[in-house]
Amino acid sequence: MTEEKQRNGDTEEVDGGPALVFMPFVVMDDLLDKLKLLDYDRDFVRQLRMKPLSRHYFAIPTNPGEQFHVFSCLTSWLIRKCGKPFDTPQEFDDPNTTDRKSVV
């Protein structure tokens, strides 16, 4: 029936309920658990002299520039963890260049 509505151009709104608002916090908590399994505290935080991420760091948009930098540093660390050479981006690097490098 849903496919039929989509074919006819009708759009149906999906209500995820009140718990859907808290989903970013659940995902962030899962992310931190997985990072801890990869020795994130020892390898990422200490070596790169970063603050440990809180359970709410990426769930609440506070400072997009800082969050992007931490995300790109985390991405580069994970790529290196896979055995690929990858330079850690600097805080004031162009975001488009940083994105392009991590995708390639």
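Note: the structure precedes this text.
All figures in this text were calculated on a predicted structure; none of them were measured in a lab. Residue numbers here run from 1 along each chain, matching the order of that chain's written sequence. Where totals are concerned, whole chains, interfaces and linings use all residues; where local detail is concerned, this predicted model gives features only for residues with pLDDT of at least 70, and gives and counts side-chain atom pairs only at 80 or more. Derived side-chain values reflect all non-hydrogen atoms in the structure, with water molecules and hydrogen atoms excluded from consideration.

Colleague: What should I look at first to understand the overall build of the protein chain in this one?
Modeller: Every helix listed is a DSSP run of H or I at least four residues long, and every strand listed is a run of E at least two residues long, numbered separately from the N terminus. Helix and strand content of the protein chain: five helices and zero strands. Going from the N terminus to the C terminus, the protein chain shows its helices and strands as α-α-α-α-α. Buried positions account for 21% of the 104 residues belonging to the protein chain. Note on contacts: a residue pair is in contact if any heavy atoms of the two residues lie within 4.5 Å. Intrachain contacts of the protein chain at a sequence separation of at least 6 include 44% that bridge at least 24 residues. Residue-level accessible areas treat just the shown protein chains as cover; the underlying method is Shrake-Rupley with a 1.4 Å probe. When the accessible surface of the protein chain is totalled, it reaches about 8400 Å², and 55% of it is carbon and sulfur. Each residue's exposure class comes from its accessible area (1.4 Å probe, protein chains only) as a fraction of the maximum for that residue type: buried when under 20%, exposed when over 50%, partly exposed otherwise.

Colleague: Which parts of the structure should I look at to understand the environment of Pro 95?
Modeller: Position of Pro 95 relative to the elements: it lies in helix 5 (residues 95–103). Sequence separation between Pro 95 and Ser 72 is 23 residues; the distance between their C-alpha atoms is 9.0 Å.

Colleague: Before we go on, may I ask you to explain the packing of aromatic side chains in this structure?
Modeller: Within a pair of aromatic rings, the relevant descriptors are the distance that separates the centres and the angle that separates the planes. Centres within 6.5 Å are what make two rings of Phe, Tyr or Trp a pair, Trp counting through its six-membered ring; a difference in plane orientation under 30 degrees is then read as stacked, over 60 as edge-to-face, and the rest as tilted. In total, this model carries four aromatic pairs according to the counting rule given. Taken together, a centroid distance of 5.7 Å and an interplanar angle of 55 degrees make the contact between Phe 44 and Trp 77 tilted. Here Phe 44 is found in helix 3 (residues 40–46), whereas its partner Trp 77 is found in helix 4 (residues 64–81), with 33 residues between them in sequence. Among the aromatic residues, those joined into a cluster by ring pairs are Tyr 40, Phe 44 and Trp 77.

Colleague: For this particular structure, what's the right way to read the nonpolar core?
Modeller: Side chains of nonpolar character tend, in soluble globular proteins, to be buried together. In this structure, Leu 35, Tyr 40, Phe 44, Leu 53, Leu 74 and Trp 77 are the most contacted members of the largest nonpolar core, which totals 13 residues. Elements supplying a minimum of two residues to this core: helix 2 (23–37), helix 3 and helix 4. When residues of this core are assigned to their parent elements, the largest contribution, four residues, is made by helix 4. For our purposes a nonpolar core is just a set of buried Ala, Val, Leu, Ile, Met, Phe, Trp, Tyr and Cys residues, chained together by side-chain atoms within 4.5 Å.

Colleague: It is not clear to me how helix 4 should be interpreted in this structure. Could you clarify?
Modeller: What sets the pattern is the α-helix's 3.6 residues per turn: residues three or four places apart point alike. The terminal C-alpha atoms of helix 4 lie 25 Å apart, and with 18 residues this matches the ideal 26 Å at 1.5 Å per residue to within 8%. Looking at helix 4, one finds that the buried residues are Gln 67, His 69, Val 70, Ser 72, Cys 73, Leu 74, Ser 76 and Trp 77. Of the residues trailing helix 4, Gly 83 is marked for its positive phi of about 95 degrees. To estimate the expected span of a helix, subtract one from its residue number and multiply by 1.5 Å.

Colleague: Any chance you could explain the pattern of salt bridges here in plain terms?
Modeller: If charged atoms from side chains of opposite charge come close, those side chains can pair. Put simply, a salt bridge is a Lys or Arg side-chain nitrogen that is within 4 Å of an Asp or Glu carboxyl oxygen. Considering all chains together, one arrives at five salt bridges under this definition. Between Arg 55 and Asp 29 there is a salt bridge; the shortest N-O distance is 3.9 Å. Taken as a pair, Arg 55 in the loop between helix 3 and helix 4 and Asp 29 in helix 2 lie far apart in primary sequence, 26 residues in all. The salt bridge involving Glu 66 is made with Lys 51; its shortest N-O contact spans 3.9 Å.

Colleague: Even after reading the chapter, I still don't get a nonpolar patch on the surface, so can you show me in this structure?
Modeller: A cluster of nonpolar side chains, contributed by Leu 20, Met 23, Val 26 and Val 27, occupies part of the molecular surface with about 360 Å² of accessible area. Tracing the chain through its elements places Met 23 in helix 2. Patch membership needs two things, relative accessible area over 30% and no salt bridge, and members are linked within 9 Å if like-charged or within 5 Å if nonpolar (Val, Leu, Ile, Met, Phe, Trp, Tyr).

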